[in-house]
Amino acid sequence: MPRSTLVIRIAATILAVVVLAVAVVGAVGWSIVRRSEAQVSGAANLPGLGAHVTVVRNGKGVPDIYADTTQDLFMAQGYVSAQDRFFQMDLRRHITAGRLSELVGADGLGTDTVIRTMGWRRVAEDELPTLDPRTRQYLQAYADGVNAWIHSRSSTTAMALEYAILGRSHPGYTVEDWTPLDSLTWLKAMAWDLRSDYDDEITRAQLAGRMSVRQIGEIYPPYPFGQHQPILGASDWPAAGQAARPGAGSAVPQALSTVTTARSSVAPMTVASVSGPGTAAAYAGVQAALDAVPQLIGRGDGIGSNSFVVAGSRTSTGKPLLANDPHLATGIPSIWTQVGLHCRTVSEACPFDVSGFAFAGMPGVVIGHNQSIAWGLTNLAPDVSDFYLEQVQGDTTLHDGSWVPMQQRQETIKVAGGADRTITVRSTRHGPILSDVIADVQAAGLTAPVTGGDTSTTYAVSLAWTGLTPGRTADALFGIDRAQSFTDFREAAKNFAVPSQNLVYADTAGHIGYQAPGLIPVRASAFADAPPGYWPAPGWSSSYDWKGWVPFDQMPWVEDPQAGFIVTANQAVTQGSVPFLTTEWDYGFRSQRIRDLLVGQPKVTPAAMAGIQLDIRNTFAPTLVKALLAVDLSDDPFTREGQDLLRHWDYRTPADDSDSGASAAFFNAVWANLLRLTYDDELPPDSQASGGSQWMQVVTVMLGNPRSAWWDNKSTPGVTEGEGEILRQSLVAARLELTKTFGKDPGAWRWGKMHQLDLEHPVLGGPTVPSPVRWIFNKGGIELPGGPSIVDANAWDASPSKGYDVTSAPSMRMVVNLADLDASTWVNQTGQSGQPFSDHYDDQLAAWAKGEQLPWAFSSAAVDAASSDRLDLRPSGAS
């Protein structure tokens, strides 16, 4: 499957292109467009409402909803969400339920098989009854609103243009009613994309048969605490091995003591360098196979966020300022919708007065502010998934010396235009066996670096992941929407199970804070000198099973830190290892740059907060440029012209035709070639150096280690290049690359020409879809500044096949002004609507690309002043 989209492989002959173009743009298109347009003004009946609800939309189509009860409020949100984004909602529920094949045919089978094996919807079914009764009421009200909209449509093709096009390949599709489970299962998809360590654990296992553990360790360096500060310093949260936070309990949490017990009760395993025929091929397909699950919000390097909050003592307003910009996969329509949810009279019975960013298909607000508090999210990325190697005989696995039957079930996948497919899912006490689905994962079990088991026994590979444990994240989201203080906020955060996030807080009373929540497993490492989860674990010994969860009161948090600000950008939370979260943080280039910019301003203004989000300085570049300028090119004046661009570069990465833009273009080309020449000759094809923070830190360390084995290019047998030669070759290759692409004159090079954003529709936007259809849905050719591990994180992937195009970017930006909520600003990546002919399909894209933010009205007076359309939703029979 493509990187971030699931594309239907429609046969594309010239005749088909012509016929389809005429059908879409001509006889079918315009009538469907008119029927699928949202009604945004006047009045409409909404059966089930208890009283009138008002929907006020601003000039960008963003709705503010006013109701008397929570039932009416969330019912109206469901109705409005369906108006704006129903196809996106329907696609998401098919993917998350493992039913994509019903919508797109056999091309969805890979996705469905993996998701059915993990059982996302089955977990949601177990989760729903455990939720707060109020949460279940909100989910049902939202579903009722969506269904009222569905039933108001004359046909499926009247719901969205996509159905008309898909119906020509797979006729007969009927939209089902929405259910609370459709909303709840979406949280599993979000957690799946934002989990961590899975890729790295597989990559390390894949490399173990090719090189020493020491060499593998060089590309997983420790976090640079001396240069890049963690979220919480020693004054905010005690370091590892020291006393826990006052009032939080004992120095070593009771639940964590099981790790020490497990380590001491059994002899550690050894990590062996496993080699043999087929080892590389066995591991090579793992990541590609898992990509059968579409990236719904984004995965991998470049997926992260910035969120930072400044106390009133350091701001020009005298009250806190809070900024957030999550870096997620790009696409159209955008990941987020915007909404305001207002009880006309705020009370215990109707407690919502909240505005912000939401997911289409999920009630409530995920990121934003209410009348008292504001919050932002960045991915905490703890290690919450483990592979277990299971010794298998038939349908049994070895467990502490006994053979135990596996759990089995059958799943039937319906396929549009084809026969049903039945699969058998097998699970152990750790989780589903992925080797039943992905052949290369099964092969990984045969060659992984683990000893201590019966090597003559076939291994299977199972996955333990916190997202497969029923949780109460939905309760947490609504609790945060209602919270009026940091105490309320932390109480709500207790239920934030997956995906674990850094929660940043501010309130109108002047307080700021931070909380790390989430289900964090307690387990022992099977290997000496390796943390838990670093290598696949031996599933035949219960010593390495998960023992429970880190207690919430042992998770890091702080209120009103001495520094007067908090910065979270996916860096390490603390320097300590209690509780153990992970060793594989983002390496902190973005976070440290934000800290430096905040410290450099005596009084931070709202404009400065927005400006920091747009900072485009590459803080890793000075390290590499110093080494590149030391390369002697006196005998190569052609390459030296490129090298000269770096001598006076300010390390900024603009998209324009300035000198900095030319220097950034050359530097990034050198960087891509350096990674290719240094690492890609030894890394698996699906795990090549992407160029993000991990690789920046790897090269930072390696530049001080000229003897590293990585400096030898294994594709040149008999030649040992060394650091200096690899750097020289990188400069030469970059000069030739840019000359071929943009011309001989370095002054004509420009980063924006290389670094462009193309927004693709998730189904009808890919290269196998006829161009007239792609023209309707896609937007592209947008030149952007920045790059990976730059604050303005318009990332690109340095892997050889990826080029320099944007792969992930700020999915939205916001700055909340707690002194005057109506003075807050926000912007979405594309627009509010998912209808391609709507005025609001992409009407925020230009502002977003320029780094501009739009006014964010909150009070009823400000919302009225900014209103463009007003819709009165009425109970059935009301006048």
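Note that this is a predicted model, so its numbers are computed, not measured.

K.L.:
I tried to follow the environment of His761 on my own but got confused; where do I start?
P.N.:
With respect to the helices and strands, the residue His761 is situated in the loop between β23 (756-759) and α26 (771-777). With 430 residues separating them in the primary sequence, His761 and Gly331 have C-alpha atoms 6.1 Å apart. Among the polar contacts listed, one links the side chain of His761 to the side chain of Glu162, at a separation of 2.8 Å. Here Leu764 takes part through its backbone nitrogen, which lies 3.0 Å from a polar atom of the side chain of His761.

K.L.:
Could you clarify how one ought to interpret the sheet that holds strand β7 (residues 353-359) in this entry?
P.N.:
Strand pairing within a sheet occurs via backbone hydrogen bonds; the two strands may be parallel or antiparallel. Pairing is mixed in the open sheet, where eleven strands are placed in the order β1-β30-β2-β3-β6-β7-β8-β9-β16-β17-β21. Edge strands, defined here as strands with exactly one partner in the open sheet, are β1 (42-45) and β21 (557-559). The mean angle between the axes of side-by-side strands here comes to 20°, regardless of whether they run parallel or antiparallel. Examined bridge by bridge, strand β6 (residues 336-343) and β7 share seven bridges and lie antiparallel to one another. Across the sheet, the residue bridging to Val339 is Gly356, located in β7.

K.L.:
How should the packing of helix α7 (residues 133-152) against helix α9 (residues 180-193) be read in this particular structure?
P.N.:
At a closest axis distance of 8 Å, the pairing of α7 and α9 adopts a crossing angle of 115°. It follows that α7 is roughly perpendicular to α9 by the angle criterion. Taken together, the residues of α9 that come into contact with α7 (itself represented by Leu139, Gln140, Tyr142 and Ala143) are Pro180, Ser183 and Leu184. Residues belonging to the contact of α7 with α9 are distributed by class as follows: five nonpolar, two polar and no charged.

K.L.:
Could you clarify how one ought to interpret unusual backbone geometry in this entry?
P.N.:
Leaving glycine out, the prevailing phi sign among residues is negative, and the prevailing peptide bond configuration is trans. Cis peptide bonds are those with omega within 30 degrees of zero, and the linkage from Ile332 to Pro333 qualifies with 0°. Note that Pro333 resides in the loop between β5 (321-329) and β6. In this model, Val578 is joined to Pro579 through a cis peptide bond whose omega is -5°. The backbone phi angle of Asp400 is positive, close to 50°, even though this residue is not glycine. Judged by its relative accessible area of 45%, Asp400 is partly exposed. Here Asp560, not a glycine, exhibits a phi torsion of approximately 50°, which is positive. Using a relative accessible area of 35% as the deciding quantity, one classes Asp560 as partly exposed.

K.L.:
Please clarify how the environment of Pro551 should be interpreted in this entry.
P.N.:
Structurally, Pro551 can be placed in the loop between β20 (548-549) and β21. Each C-alpha atom of the pair Pro551 and Gly518 lies 9.5 Å from the other, and the pair is 33 residues apart in sequence.

K.L.:
Can you help me understand the side chain of Gln88 in this one?
P.N.:
Relative to the assigned elements, Gln88 resides in helix α3 (residues 70-96). Setting aside its immediate chain neighbours within four residues, Gln88 contacts Pro333, Ser334 and Ala360.

K.L.:
What's the story with helix α16 (residues 473-482) in this structure? I'm lost.
P.N.:
Since the α-helix packs 3.6 residues into each turn, any two residues three or four apart lie on the same face. The buried fraction of α16 is high, at ten of ten residues. Listed as buried for α16 are Thr473, Ala474, Asp475, Ala476, Leu477, Phe478, Gly479, Ile480, Asp481 and Arg482.

K.L.:
I tried to follow the confidence of the model for the chain on my own but got confused; where do I start?
P.N.:
Mean pLDDT over the chain stands at 88; residues scoring 70 or higher make up 87%. Segment residues 239-264: pLDDT under 50, and 42 contacts once partners within four positions in sequence are set aside and those in other chains are kept. Taken as a whole, residues 271-289 scores under 50 in pLDDT and shows 47 contacts with residues more than four places along the chain or in a different chain.

K.L.:
Sorry if this is basic, but what is going on with the nonpolar core here?
P.N.:
Within soluble globular proteins, side chains that are nonpolar generally end up buried alongside one another. Ranked by internal contacts, the top residues of the largest apolar core, which has 227 residues, are Phe86, Leu624, Trp671, Tyr679 and Leu873. Not counting residues within four places of it along the chain, the set of residues in contact with Phe86 comprises Ser81, Arg93, Val146, Trp149, Ile150, Met159, Tyr163, Val175 and Trp178. Judged by nonpolar contacts, the second largest core, of 15 residues, contains Val310, Phe565, Val604 and Val815.

K.L.:
For this particular structure, what's the right way to read the packing of aromatic side chains?
P.N.:
Each aromatic ring pair is described using two quantities: the centre-to-centre distance and the angle formed by the ring planes. With the rule as written, the count across this model stands at 35 aromatic pairs. Measuring from ring centre to ring centre gives 5.2 Å for Phe87 and Tyr163, while their planes differ by 75°; the resulting arrangement is edge-to-face. Separated by 76 residues along the polypeptide, Phe87 in helix α3 and Tyr163 in helix α8 (residues 161-169) bring together distant segments of the chain. According to the relative accessible area criterion, Tyr163 is buried, its value standing at 5%.

K.L.:
Would you mind showing me how to read the state of the cysteines here?
P.N.:
Simply put, the disulfide is a covalent bond whose two ends are the sulfur atoms of two cysteines. Under the definition given, this model contains one disulfide. In this model, Cys343 is linked to Cys350 through a disulfide, with the two sulfur atoms separated by 2.0 Å. Taking the sign of the torsion about the S-S bond as the criterion, the disulfide between Cys343 and Cys350, at about -85°, is left-handed. Per residue, the accessibility class of Cys343 equals that of Cys350, and both read buried.

K.L.:
Which parts of the structure should I look at to understand the pairing of strand β4 (residues 304-310)?
P.N.:
Look at any regular strand and the pattern is simple: side chains alternate between the two faces of the sheet. In terms of residue burial, β4 counts as a mostly covered element, since seven of its seven residues are buried. Side chains Gly304, Asn306, Phe308 and Val310 project from β4 onto one buried face, and the interleaved Ser305, Ser307 and Val309 project onto a second face that is buried too. Of the pairings in the sheet, the one linking β4 to strand β22 (residues 565-568) comprises four bridges and is antiparallel in character. Across the sheet, the residue bridging to Val310 is Phe565, located in β22.

K.L.:
What am I meant to see in the packing of helix α21 (residues 637-644) against helix α24 (residues 723-742) here?
P.N.:
Between α21 and α24, whose axes approach to 9 Å, the crossing angle comes to 90°. Accordingly, the angle class assigned to the pair α21 and α24 is roughly perpendicular. Within the contact between the two elements, α21 uses Phe638, Thr639, Glu641, Gly642 and Gln643 and α24 uses Leu731, Val732, Arg735, Leu736 and Thr739. When grouped by side-chain class, the residues that make up the contact of α21 with α24 number four nonpolar, four polar and two charged.

K.L.:
Help me understand α21 in this model?
P.N.:
Listed as buried for α21 are Thr639, Gly642 and Gln643. For α21, the arc enclosing every buried residue in end-on projection is 100°, short of the 170-degree limit, so these residues lie on one face.

K.L.:
Explain the environment of Glu348 to me, please; I cannot follow it from the model alone.
P.N.:
Within the element layout of this structure, Glu348 appears in the loop between β6 and β7. Each C-alpha atom, one on Glu348 and one on Arg482, is 9.7 Å from the other, the two residues being 134 residues apart in sequence.

K.L.:
It is not clear to me how the pattern of salt bridges should be interpreted in this structure. Could you clarify?
P.N.:
Opposite charge on two side chains makes pairing possible when the charged atoms of those side chains draw close. Using the criterion set out here, one finds 32 salt bridges in the structure. Ionic pairing is found between Glu584 and Arg204, a salt bridge with its closest N-O pair at 3.0 Å. Separated by 380 residues along the polypeptide, Glu584 in the loop between β22 and α18 (589-599) and Arg204 in helix α10 (residues 198-207) bring together distant segments of the chain. Where Asp797 meets Lys802, a salt bridge forms, and the shortest distance between an N and an O atom there is 3.2 Å. For Asp797, a relative accessible area of 15% corresponds to the buried category.

Thresholds applied
Residues numbered from 1 in each chain as written. Predicted model: local features only at pLDDT ≥ 70, side-chain atom pairs only at ≥ 80, totals over all residues. Heavy atoms only, no water. Helix = DSSP H or I, 4+ residues; strand = E, 2+ residues; numbered from the N terminus. Polar contact = N/O pair within 3.5 Å; in protein donor to acceptor, adjacent residues only side chain to side chain. Pairing = 2+ DSSP bridges. Axes fitted to C-alpha atoms, helices over the stretch in contact; angles between N-to-C directions. Parallel < 35°, antiparallel > 145°, perpendicular 65-115°, else oblique. Contact = heavy atoms within 4.5 Å. Nonpolar A, V, L, I, M, F, W, Y, C, P; charged D, E, K, R; others polar. Buried < 20%, exposed > 50% of the residue type's maximum accessible area, 1.4 Å probe, protein only. pLDDT = per-residue confidence, 0-100. Core = buried A, V, L, I, M, F, W, Y, C linked by side-chain atoms within 4.5 Å. Phe/Tyr/Trp six-rings, centres within 6.5 Å; stacked < 30°, edge-to-face > 60°. Disulfide = S-S within 2.5 Å. Arc of directions from axis to C-beta. Salt bridge = Lys/Arg side-chain N within 4 Å of Asp/Glu carboxyl O.

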